[in-house]
Amino acid sequence: MKIICYISAAALLFSGCATQTFNLTGGGSAMPTQDVRQPFFLSGIGQTRTLDAAGVCGDAGKVAKVETITTGMDGLLGAVTFGIYTPRHARVYCK
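Quick caveat: nothing in here was measured; it's all calculated off a predicted structure.

Parameters and conventions
Every residue gets a number counted from 1 within its own chain, in the order that chain's sequence is written. Where local features are concerned, this predicted model is filtered to residues with pLDDT of at least 70; where side-chain atom pairs are given and counted, the filter is 80 or more; whole-chain, interface and lining totals use all residues. With hydrogens and water excluded, all non-hydrogen atoms of the structure serve as input to the side-chain values. Here the rule is simple: two strands pair whenever DSSP picks up at least two bridges between them. The helix count covers DSSP runs of H or I at least four residues long, the strand count covers runs of E at least two residues long, and both are numbered beginning at the N terminus. Axis lines are fitted to C-alpha atoms, over the contacting stretch for helices. Their N-to-C directions set the angle, which ranges from 0 to 180 degrees. Residue contacts are counted whenever heavy atoms from the two residues lie within 4.5 Å of one another. Each nonpolar core is a collection of buried residues, namely Ala, Val, Leu, Ile, Met, Phe, Trp, Tyr and Cys, held together in the definition by side-chain atoms within 4.5 Å. For the exposure calls, accessible area comes from a 1.4 Å probe over protein chains only, and a residue counts as buried if that area is under 20% of its type's maximum, exposed if over 50%, partly exposed in between. Whenever a pair of cysteine sulfur atoms sits within 2.5 Å, that pair is classed as a disulfide. Only Phe, Tyr and Trp rings are paired, with Trp represented by its six-membered ring, and only when their centres lie within 6.5 Å; those with planes under 30 degrees apart are stacked, over 60 edge-to-face, the remainder tilted. In this analysis the charged atom, NZ for Lys or CZ for Arg, is taken to sit over a ring once it is within 6 Å of the ring centre and within 35 degrees of the ring normal. The rule for a salt bridge is simple: a side-chain nitrogen of Lys or Arg has to be within 4 Å of a carboxyl oxygen of Asp or Glu.

**What about the sheet that holds strand β1 (residues 18–23)?**
Strand order in this open sheet of four strands is β1-β3-β4-β2, and the pairing throughout is antiparallel. Either end of the sheet is taken by a strand with one partner, and the two such strands are β1 and β2 (34–38). Shown here is a sheet whose adjacent strand axes are inclined to one another by a mean of 15 degrees, direction ignored. In this structure, β1 lies alongside strand β3 (residues 63–70), joined through six bridges in antiparallel fashion. The residue of β3 that forms the bridge with Ala18 is Thr70. On top of the sheet, helix α3 (residues 72–80) reaches β2, β3 and β4 (88–94); it is set at about 40 degrees to β3, its chief contact.

**Notes on the nonpolar core**
Ala53, Cys57, Val63, Val92 and Cys94 together form the largest nonpolar core, which totals five residues. When residues of this core are traced back to their parent elements, those giving at least two are α2 (53–57) and β4. In this structure, Cys57 is in contact with Lys62, Val63, Val92, Tyr93 and Cys94, ignoring residues within four places of it in sequence.

**Section: the state of the cysteines**
According to the stated counting rule, one finds one disulfide in the structure shown. Between the sulfur of Cys57 and that of Cys94 lies a disulfide, 1.8 Å long from S to S. Where Cys57 bonds to Cys94 through sulfur, the torsion about that S-S bond is close to -85 degrees, and the disulfide is left-handed. You can see Cys57 sitting in helix α2 and its partner Cys94 sitting in strand β4, a full 37 residues away along the chain.

**Looking at the pairing of β3**
Pairing of β3 with β4, which is carried by six bridges, proceeds in the antiparallel orientation. Across the sheet, Glu67 pairs through a bridge with Arg91, a residue of β4.

**Re the packing of aromatic side chains**
In this structure the tally under the stated criterion is one aromatic pair. Lying over the aromatic face of Tyr93, Lys65 brings its terminal NZ or CZ to 4.5 Å of the ring centre. Sitting over the ring of Phe40, Arg88 keeps its end group 4.8 Å from the ring centre.

**Structural notes on the pattern of salt bridges**
If the charged atoms of two oppositely charged side chains come close together, the side chains can form a pair. Enumeration over the complete set of coordinates arrives at three salt bridges. Asp35 is the salt-bridge partner of Arg91, the closest N and O atoms lying 3.1 Å from each other. Taken together, the positions of Arg91 in strand β4 and Asp35 in strand β2 put the pair 56 residues apart, joining distant regions of the chain. The exposure class assigned to Asp35 is partly exposed, which follows from its relative accessible area of 39%. Between Glu67 and Lys65 there is a salt bridge, with the nearest N and O atoms lying 3.8 Å from each other. For Glu67, a relative accessible area of 9% translates into the label buried.

Right, dumping it as C-alpha cells:
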C-alpha cells in the first residue's frame, strides 16, 4: 500500500501543464477559433505538426494569438504510455 501512495505522490509531483503562447496582435477573441489535438509519438522526437493559422482566420493579419498546450490529460496519456503517445493541443485565436 505504501508503494502505491509513493508512486501516486511522485506522479502528482512530476505532472504538470505547459503552454507556449505567441501573441501576434492584440484584441483577439477570448475563445479559440480552432482547438486541435495533435498526436506525437516517442515524446515528439524529430516530429513536427503544422497548423495554418492564416487559413483558419481567413488572413494572416487576422491572427491574434497561437498557443501550444500540454494539458494534464495529455501528460497523463504520455505517462501511461511511457512517452510512446504524447498528444498536445494547438489553439488559434482570431481577431
